[in-house]
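Below are the chains, spelled out letter by letter.
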Amino acid sequence: MKHRIDHKHVGILGAMALAAACGGVHGGQGIQQPVNAMGTLQPKPNFFLRAAGFDQDPSSYLGRFIPDRDTSAEVDEAAAIATECSQHFTLKKVSAAGVRYTELFQASASASAGAGVTPVSVTVDGRSVQTVKVDYTQTEKWIAELEPKNAAAFRACCESSAGRCTGRFIGEFIAGTGSIFGMAGQAGGLDATGSLGSLSVSDSTGWKQGLEWNQPAFFAFRVTKVDIPVAAPPRDVCDTNWKDSVPESEKDLFFVGTSEWLPSEAKAKELAIFDARRQVVSYIGEQIKQGGIGSSQYSGTPGALQMTLQSEDAVSRASAALVQYVKDKCWKTDEEKGPANWQYRARVLARVPKDQLDTAAQAALKAAGGK
């Protein structure tokens with residue numbers, strides 16, 4: 001039995017009831033009845049509409065990692081990252097039975113725009129996600145499979161270095177033919193709220209059709225969780241107790257410079273970084289005496305060097321020559337109210353790249369007059 005629905009004269013409740021009875025009306029004209037607010041249509045878990053375009057070979061995206069900062073609304077396969085660990089996945093192709101589905105897919109703003117529709121906001125587990133409705137006949141799916149023989153290597157890869165793996169990756173693509181639907185206009189569009197599995201609809205005329213494709217293509221992907229411990233991002237050195245315990249690093253040498261209590265915060269910071277540079281000069285002198293850095297550039301004896309570095313003027317010149325090598329990394333300023341004014345004491349964590357230490361030593365020695 002066919003039903004004719006006059007959208008101009010049927011109220012929202014009547015339209016919803018007719019939609020439930022008729023199963024909806026859709027087609028090339030692009031308008032469908034709104035889903036029943038008490039229905040079971042809900043977002044397909046962890047599936048997203050593609051934003052990079054539909055095609056017939058998405059294999060280059062399988063196994064890519066989704067940045068942890070990406071929210072559900074921002075997930076985009078084009079922004080996913082292939083790392084050394086992605087190579088451990090293998091491609092598995094599964095034919096589908098040509099079953100027709102009507103489902104909601106989460107969609108980024110660019111994916112919705114590319115499909116020519118306005119997304120519908122749905123509340124899932126207490127958070128709002130943007131969705132579109134897709135009527136499709138599934139023809140195939142491709143899966144990024146982690147075979148048992150590759151599992152140990154994949155785990156070792158992810159655990160070896162932070163950033164190689166995130167908590168999620170693109171694990172599956174589905175292909176088919178179909179149409180995409182979104183909100184039927186701004187003024188009289190869908191207002192979707194409520195809990196998972198229901199849409200609360202107000203003064204809406206239905207769904208509006210956007211993109212339609214008739215040749216099988218991969219149009220959506222699934223985000224899969226990484227079911228192994230992932231290496232934690234390295235802790236920022238400024239978040240450590242660097243003021244009391246000088247950090248160690250493979251790439252840098254660290255020095256903590258401190259000023260006296262002064263009435264000017266700017267002056268306190270100036271003296272703190274100068275104190276750090278003086279420490280670098282002293283470190284260079286000790287290393288040269290021990291036959292380490294800069295020994296080939298220093299023409300005098302260790303005793304002569306010690307005499308040179310005991311000169312306040314020489315140390316000041318050497319410290320000034322290290323401006324481009326000794327860089328501030330973290331600051332801490334203490335302040336207290338004195339009888340007349342505020343007093344400030346600055347502390348700085350300064351770093352010198354180890355690969356620049358020899359060059360820094362040459363500059364310091366030349367400025368100090370030790371060469």
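Residues numbered from 1 in each chain as written. Predicted model: local features only at pLDDT ≥ 70, side-chain atom pairs only at ≥ 80, totals over all residues. Heavy atoms only, no water.

Engineer: Looking at this structure, I do not really get the overall build of the protein chain. What am I missing?
Structural biologist: The helix and strand inventory of the protein chain stands at 7 helices and 11 strands. Counting every position in the protein chain, which comprises 371 residues, the buried fraction comes to 43%. In the protein chain, of all internal contacts separated by at least 6 residues, the share reaching a separation of at least 24 is 78%. Accessible surface, the protein chain as shown: approximately 19500 Å² in total, 49% of it carbon and sulfur. (Helix = DSSP H or I, 4+ residues; strand = E, 2+ residues; numbered from the N terminus. Buried < 20%, exposed > 50% of the residue type's maximum accessible area, 1.4 Å probe, protein only. Contact = heavy atoms within 4.5 Å. Areas by Shrake-Rupley, 256 points an atom, 1.4 Å probe, with all protein chains shown as cover.)

Engineer: Looking at this structure, how should I read the state of the cysteines?
Structural biologist: When the sulfur atoms of two cysteines share a covalent bond, that bond is a disulfide. Throughout the structure, instances matching the rule amount to 3 disulfides. The residue that forms a disulfide with Cys85 is Cys157, at a sulfur-sulfur distance of 2.0 Å. Between Cys85 and Cys157 the disulfide shows an S-S torsion of about -90°. By sign, it is left-handed. Here Cys157 lies in helix α3 (residues 148-160) and Cys85 lies in the loop between β2 (43-49) and β3 (90-95), a separation of 72 residues in the sequence. (Disulfide = S-S within 2.5 Å.)

Engineer: Sorry, what's going on with the packing of aromatic side chains here?
Structural biologist: A ring pair, where both rings are aromatic, is described by two values, the distance of the centres and the angle of the planes. Within the structure shown, the criterion is met by 17 aromatic pairs. Centre to centre, the rings of Phe105 and Phe219 are 5.8 Å apart; their planes meet at 70°, and the pair counts as edge-to-face. Residue Phe105 is located in strand β4 (residues 100-106), and its partner Phe219 is located in strand β8 (residues 207-225); the two are separated by 114 residues in the primary sequence. Look at Phe219 and you get buried, because its relative accessible area is 0%. Clustering of aromatic rings is evident, with ring pairs tying together Phe47, Phe54, Tyr101, Phe105, Tyr136, Trp213 and Phe219. (Phe/Tyr/Trp six-rings, centres within 6.5 Å; stacked < 30°, edge-to-face > 60°.)

Engineer: What am I meant to see in the pattern of salt bridges here?
Structural biologist: Opposite charge on two side chains permits them to pair, given that their charged atoms come into close proximity. The tally for this structure, following the rule as stated, stands at 12 salt bridges. For the salt bridge of Arg50 with Glu77, the shortest nitrogen-to-oxygen distance reads 3.1 Å. In this pair, Arg50 is assigned in the loop between β2 and β3 and Glu77 in the loop between β2 and β3, connecting sequence segments 27 residues apart. Judged on exposure class, the residue Arg50 and its partner Glu77 are both buried. Arg351 is the partner of Asp252 in a salt bridge, and the nearest nitrogen-oxygen pair spans 3.2 Å. Pair noted here: Asp252 is in strand β9 (residues 252-258) and Arg351 is in strand β11 (residues 342-353), with a separation of 99 residues, a long-range link. Classification of Asp252 as buried rests on a relative accessible area of 15%. Connected through shared salt-bridge partners, Arg50, Asp55 and Glu77 make up one network. (Salt bridge = Lys/Arg side-chain N within 4 Å of Asp/Glu carboxyl O.)

Engineer: Even after reading the chapter, I still don't get the confidence of the model for the protein chain, so can you show me in this structure?
Structural biologist: Close reading of the predicted structure is inappropriate where its pLDDT is low. Per-residue confidence for the protein chain averages 78 on the pLDDT scale, and 74% of its residues sit at or above 70. For the stretch residues 1-40, pLDDT sits under 50, and the model shows 65 contacts to residues farther than four places along the chain or on other chains. When the criterion is pLDDT under 50, residues 186-205 qualifies, and its contacts beyond four places in sequence or with other chains add up to 60 contacts. (pLDDT = per-residue confidence, 0-100.)

Engineer: Is there a simple way to explain the pairing of β8 in this structure?
Structural biologist: The side chains of a regular strand alternate, first on one face of the sheet and then on the other. Bridging between β2 and β8 involves 3 bridges; their strand directions are antiparallel. By the bridge assignment, Leu49 is partnered in β8 with Ala220. Both strand β7 (residues 168-183) and β8 contribute to a ladder of 13 bridges, which runs antiparallel. Across the sheet, the residue bridging to Gly178 is Trp213, located in β8. (Pairing = 2+ DSSP bridges.)

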